[in-house]
Amino acid sequence: MIAIESLAHTYPTGQQIHFADATFTDNENWLILGDSGSGKSTLLNIMTGLLSPTSGKVILNQTDLYKLGNKLDRFRAQYMGIVFQKPYFIQSLTVSENLKLTQSLAGLKTNNHRILEVLEGLALADKKTSYTKDLSVGQLQRLSIARAILNRPAIIFADEPTASLDDRNTERVLELLINQAGKEKADLIVATHDKRVKDAITNIYQV
Ligand code: ADP
Ligand code: MG
């Protein structure tokens, strides 16, 4: 369960955004909808602890995110999986080394069995010793999903995961996100302005 209360953000430019209160309960899939520039990424960044709100709170289960102080990064690595709009990986590391890093950031020991399991689920097992610069766009997107679910997070966030994809790949990526979240019993929160995504997920939070 993740709840937002009285959230607002003011950028240094003076741009002000207020967010309606909401509770995203367990085992649910949610869409964060809104036009381009409405504040979807801002909300996701606040909910993942990457951008401190000017006011308001984010509560994940019993934990007030912005009271964690220097424990916030570890907390995020343990409980949240994030699929960013643009996949970024460490180019000088292989696929499996990148995933080991994801485990270590969460304070977990390397678990090669889990890495292989996740890569197999996303049809990437044969790429485990490849460098990420040698992957196709579609493979990088699947690897982003792999990384997001690796540590069995309570919540998976995805920011415009289908923005640059054709219809067929949009359907595939959504299916993967929904299936993987279901398998790990994680909430799924997808921010998008992509109308094609609307049919796949029922709960809607409008920005
Ligand atoms: P969305 O993801 O819905 O397209 P954003 O959350 O990225 O919207 O942006 C919401 C508003 O905040 C926009 O008007 C944008 O220009 C502004 N904004 C976003 N990031 C910054 C920033 N770092 N500095 C100043 N303004 C920003
Ligand atoms: Mg955005």
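Before reading further, recall that the structure is shown in the block above.
Starting from 1, residues in each chain are numbered consecutively following that chain's sequence as written. Going through the entries in the order they are written, you letter the chains from A and number the ligands from 1. Only residues with pLDDT of at least 70 are given local features in this predicted model, and only at 80 or more are side-chain atom pairs given and counted; all residues enter the totals for whole chains, interfaces and linings. Side-chain metrics rest on all non-hydrogen atoms present in the structure, leaving aside hydrogens and water.

### As for the sheet that holds strand S7 (residues 80–83)
- What the 5 strands build is an open sheet, ordered S7-S8-S9-S4-S10; its pairing is parallel. Each having just a single partner strand, S7 and strand S10 (203–206) make up the two edges of the open sheet. Looking at each pair of strands side by side, their axes are set apart by 20° on average, direction ignored.
- The rule for pairing is simple: two strands pair if DSSP sees at least two bridges between them. Secondary structure elements follow DSSP: runs of H or I of four or more residues count as helices, runs of E of two or more count as strands, with numbering from the N terminus. Two elements, S7 and strand S8 (residues 155–159), share 4 bridges in a ladder whose sense is parallel. From the neighbouring strand, Met80 faces S8, where its bridge partner is Ile155.
- Residues are treated as being in contact if the distance between any of their heavy atoms lies within 4.5 Å. Think of each axis as a best-fit line through the C-alpha atoms, taken over the contacting stretch in the case of a helix, with angles from 0 to 180 degrees between the N-to-C directions. Helix-sheet contacts for helix H2 (residues 72–79) involve S7 and S8, and the interaxial angle to S7 is about 80°.

### Details of the site of ligand 1
- If a single non-hydrogen atom of a residue is within 4 Å of a molecule or strand, that residue counts as near it. Taken together, Tyr11, Thr13, Gln15, Ile17, Asp35, Ser36, Gly37, Ser38, Gly39, Lys40, Ser41 and Thr42 make up the full set of residues adjacent to ligand 1.
- By the criterion applied in these results, polar contacts are pairs of N or O atoms within 3.5 Å in which, for protein atoms, one can donate a hydrogen and the other can accept it, and in which residues neighboring in sequence qualify only through two side-chain atoms. The contact in question runs from an oxygen atom of ligand 1 to an N or O atom on the side chain of Gln15, over 3.2 Å.
- Residue Gly37 places a main-chain N or O atom 2.7 Å away from an oxygen atom belonging to ligand 1.
- When isolated, ligand 1 has an accessible area of 560 Å², and the protein chains bury 63% of it.
- For the shell around ligand 1, the element with the most residues is helix H1 (residues 40–47), which contributes 3 residues.
- Any residue outside Ala, Val, Leu, Ile, Met, Phe, Trp, Tyr, Cys, Pro, Asp, Glu, Lys and Arg is labelled polar, Gly included; the first ten of those are nonpolar and the last four are charged. Here the shell around ligand 1 is composed, by residue class, of 2 nonpolar, 8 polar and 2 charged. Surface accessibility in these figures is a Shrake-Rupley result with a 1.4 Å probe; residues are shielded only by whichever protein chains are displayed.

### Overview of the packing of aromatic side chains
- Think of it this way: a Phe, Tyr or Trp ring, Trp meaning its six-membered ring, pairs with another when their centres are within 6.5 Å, and the plane angle makes it stacked under 30 degrees, edge-to-face over 60, tilted otherwise. Tallied over the entire structure, the rule returns 4 aromatic pairs.
- Aromatic side chains Phe75 and Tyr79 sit 4.7 Å apart centroid to centroid with 45° between the ring planes, which places their arrangement in the tilted category. Of this pair, Phe75 and Tyr79 both sit in helix H2, 4 residues apart, roughly one helical turn.
- Think of it in three bands: with a 1.4 Å probe and only protein chains considered, a residue is buried below 20% of the maximum accessible area for its type, exposed above 50%, and partly exposed in between. Overall, Phe75 belongs to the buried group, its relative accessible area being 9%.
- For the pair Phe84 and Tyr88, a centre-to-centre distance of 5.4 Å together with 55° between the ring planes defines the contact as tilted.

### Thoughts on empty space enclosed by the protein
- Both cavities and pockets are sets of points on a 1 Å grid over the protein atoms alone; in a cavity a 1.4 Å probe fits but cannot get out, in a pocket the set is open with protein on both sides within 12 Å along at least five of seven lines, and lining residues sit with an atom within 4 Å of a point. Grid points are joined across faces, edges and corners, and a volume is the space filled by probe spheres set on the points. A complete count under the given rule lists 1 cavity of 30 Å³ or more for this structure.
- Here the largest cavity is characterised by a volume of approximately 50 Å³.
- Along its surface, the largest cavity is lined by Arg114, Glu117, Val118, Gly121, Ile149, Gln180, Lys183 and Glu184.
- Of all the elements in the fold, those that place two or more residues in the lining of the largest cavity are helix H4 (112–121) and helix H6 (167–183).
- Per element, the largest residue contribution to the lining of the largest cavity is 4 residues, and it comes from H4.
- Classifying every residue of the lining of the largest cavity gives 2 nonpolar, 2 polar and 4 charged.

This is a description of form; function is not addressed.
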